[in-house]
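# An overview of the molecular structure
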Amino acid sequence: MDELTERVTELDGKPFHARVAREALLKGARTYEEMTSLPADLRAALTSEIPLLSSEVRHSTRASDGATKLLLGFAERDEGSDEVETVHIPPHNPKSPKGATLCVSTQVGCPVACPFCASGLAGLIRNLEAHEIIEQFLRGIELGPIGRAVVMGIGEPLLNYTNVRAALDVVNAELGLGARKVTLSTVGFPDRVREIATTKPPFQLAVSLHTPFDAERGVLVPAMRGVPIDDILAAGDDWYRATHREVTYEYVLLGGHNDSPEHARELGRRLRGRRATVNLIPWNPLTPMEGDPEVPRYRRPAPDDVAGFQADVQDAGTVTTIRWSRGLESDAACGQLRLRRAASKRAD
Ligand code: SAH
């Protein structure tokens, strides 16, 4: 807002004109010409000097259940290699007043390089700017009102936290999504989690755990090798003490890898007595394609195995939910659509 006010004043506008333009944009205006309460000269100057949006929808896939995956590119950035995914997931009951859930990305690519995840297979290209994160919300709202958001798209949000926080503060203050309506998912970083917990974060926390065993976590979440799970869980406890919001531990289920009864028991044992829940995510297969940096060899567990794992964790005393992904018939897995586009670009 400060930056916009300064630039509007440079173009001979008044500070309140910046506020008018911003509110119009957040309410759905897509050209300055629509903002008829601004002086005509200023509208013309703004049109030539300050692009209203920098994102463009380069591709959009709609699944049979109504979820839409958008591939967003940013002006003057390369097509193919510099795009992110945003997913708009309408409520199960279309008449529900709750609004859709929006899944947003925070980086182009990801440096964490979990071997089962498409987002980091080709490494990190760059961090998204705060406005590029906000624009994902504006593009999402074009598809229908949003009642919840999950920061679970491409990228590791705590490695781009300044921009992510700036964006989520705007989403909270100006788009009206309260802290309990937004969930940020991270691989952990205990010190950062503790520090952020003291700053009244406008979101709930989810931590990707994926295994209760330290050695295996170093393989599944390579950037966290050497960070003990105990430390991650202790940071989660500190988060609860500071925010009074329970942590969700995410656990991607990789058939034959981390879905044994020993895993379930140890996971349950470690979480017992903590203010936390587990969210199991049966792995969404990546469709291998020529030119992929590496083709991961995992399998999605059968529904019965998922239910058995859930029962074992619950028996050990921890509330456990299952997330069967919706709306993701093709290029389902997070980051896969972007990867496909980058690969076809290379082939051209
Ligand atoms: N970088 C953040 C956000 C990632 S997306 C994080 O790691 O938490 C949210 C969740 O989806 C993470 O737990 C991630 O590990 C998981 N995930 C990634 N690829 C997946 C796939 N192909 N199938 C199922 N879950 C996946």
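Rules used in this analysis
Residues numbered from 1 in each chain as written. Predicted model: local features only at pLDDT ≥ 70, side-chain atom pairs only at ≥ 80, totals over all residues. Heavy atoms only, no water. Helix = DSSP H or I, 4+ residues; strand = E, 2+ residues; numbered from the N terminus. Buried < 20%, exposed > 50% of the residue type's maximum accessible area, 1.4 Å probe, protein only. Contact = heavy atoms within 4.5 Å. Polar contact = N/O pair within 3.5 Å; in protein donor to acceptor, adjacent residues only side chain to side chain. Near = heavy atom within 4 Å. Areas by Shrake-Rupley, 256 points an atom, 1.4 Å probe, with all protein chains shown as cover. Phe/Tyr/Trp six-rings, centres within 6.5 Å; stacked < 30°, edge-to-face > 60°. Lys NZ or Arg CZ within 6 Å of the ring centre and 35° of its normal. Axes fitted to C-alpha atoms, helices over the stretch in contact; angles between N-to-C directions. Left-handed = near helix turned anticlockwise from the far one by under 90°. Nonpolar A, V, L, I, M, F, W, Y, C, P; charged D, E, K, R; others polar. 1 Å grid on protein atoms, 1.4 Å probe; cavity = no way out; pocket = protein on both sides within 12 Å on 5 of 7 lines; lining within 4 Å. Points joined across faces, edges and corners; volume = space filled by probe spheres on them. Parallel < 35°, antiparallel > 145°, perpendicular 65-115°, else oblique.

### Comments concerning the side chain of His210
Among the secondary structure elements, His210 is positioned in the loop between strand 9 (204–208) and helix 7 (214–220). With a relative accessible area of 6%, His210 lands in the buried category. Setting aside anything within four residues of it in sequence, one finds His210 in contact with Phe116, Leu220, Val221, Glu250, Tyr251, Val252 and Asn258.

### With respect to unusual backbone geometry
Despite not being glycine, Ala113 shows a phi value in the positive range, around 60°. By the element assignment, Ala113 lies in the loop between strand 5 (107–109) and strand 6 (124–127). Classification of Ala113 by relative accessible area gives partly exposed; the value is 34%. Positive phi, normally seen in glycine, also occurs at His244, with a value near 60°.

### Focus: the environment of Glu156
Relative to the elements of secondary structure, Glu156 occurs in the loop between strand 7 (146–151) and helix 5 (161–174). The class of Glu156 is buried, set by a relative accessible area of 3%. Sequence spacing of Glu156 and Gly120 is 36 residues, and the spatial spacing of their C-alpha atoms is 9.5 Å. Polar side-chain contacts of Glu156 include one of 2.7 Å to the side chain of Thr186. Of note is the side chain of Glu156, whose polar atom sits 3.0 Å from the backbone nitrogen of Val187.

### Observations concerning the site of the ligand
In the vicinity of the ligand there are 17 residues, among which Gly155, Ser185, Ser208, His210 and Asn284 approach most closely. Within the side chain of Glu156, an N or O atom sits 3.3 Å from a nitrogen atom of the ligand. A distance of 2.5 Å separates an oxygen atom of the ligand from a polar atom in the side chain of Ser208. The fraction of the free accessible surface of the ligand (540 Å²) that becomes covered by protein chains is 94%. Of all the elements in the fold, those that place two or more residues in the shell around the ligand are strand 8 (182–186) and strand 10 (247–253).

### Examining the packing of aromatic side chains
When we look at a pair of aromatic rings, we describe it by the centre distance and by the angle of the planes. Considering all chains together, one arrives at 4 aromatic pairs under this definition. For the pair Tyr161 and Phe203, a centre-to-centre distance of 6.4 Å together with 75° between the ring planes defines the contact as edge-to-face. Taken together, the residues span a long stretch of sequence, with Tyr161 in helix 5 and Phe203 in the loop between helix 6 (190–197) and strand 9 at a distance of 42 residues. Aromatic side chains Phe203 and Trp239 sit 6.0 Å apart centroid to centroid with 20° between the ring planes, which places their arrangement in the stacked category. Residue Phe203 is located in the loop between helix 6 and strand 9, and its partner Trp239 is located in helix 8 (residues 229–243); the two are separated by 36 residues in the primary sequence. For the pair Phe203 and Trp239, a shared accessibility class is recorded, and that class is buried. Three or more aromatic residues joined by ring pairs make a cluster, and in this case those are Tyr161, Phe203 and Trp239. The ring of Phe189 is capped by Arg192, whose NZ or CZ atom sits 5.3 Å from the centre of that ring.

### Concerning the packing of helix 9 (residues 261–271) against helix 10 (residues 303–315)
At a minimum axis separation of 8 Å, helix 9 and helix 10 run at an interaxial angle of 30°. Every pair of crossing elements has a handedness; the one defined by helix 9 and helix 10 is right-handed. Residues Pro261, His263, Ala264, Leu267 and Gly268 of helix 9 form the contact with helix 10, whose participating residues are Phe309, Asp312 and Val313. Of the residues belonging to the contact of helix 9 with helix 10, the class tally is 5 nonpolar, 2 polar and 1 charged.

### A look at the layout of surface pockets
Here the second largest pocket defines a volume of roughly 870 Å³. As for the second largest pocket, its lining consists of 24 residues, and the residues nearest its centre are Glu3, Leu4, Arg22, Leu52 and His131. Of all the secondary structure elements, the ones that give two or more residues to the lining of the second largest pocket are helix 1 (2–10), helix 2 (15–26), helix 4 (130–141) and helix 5. The biggest single contributor to the lining of the second largest pocket is helix 4, with 5 residues. When grouped by side-chain class, the residues that make up the lining of the second largest pocket number 16 nonpolar, 2 polar and 6 charged.

### A short note on the packing of helix 4 against helix 5
Following both chains from N to C, one finds helix 4 and helix 5 inclined at 40°, their axes separated by 8 Å at the closest point. Comparing the axis directions of helix 4 and helix 5 gives the class oblique. Taken as a pair, helix 4 and helix 5 cross one another with a handedness that is right-handed. Of helix 5, the residues touching helix 4 (which contributes Ala130, Ile133, Ile134 and Phe137) are Asn163, Val164, Ala166, Ala167, Val170 and Val171.

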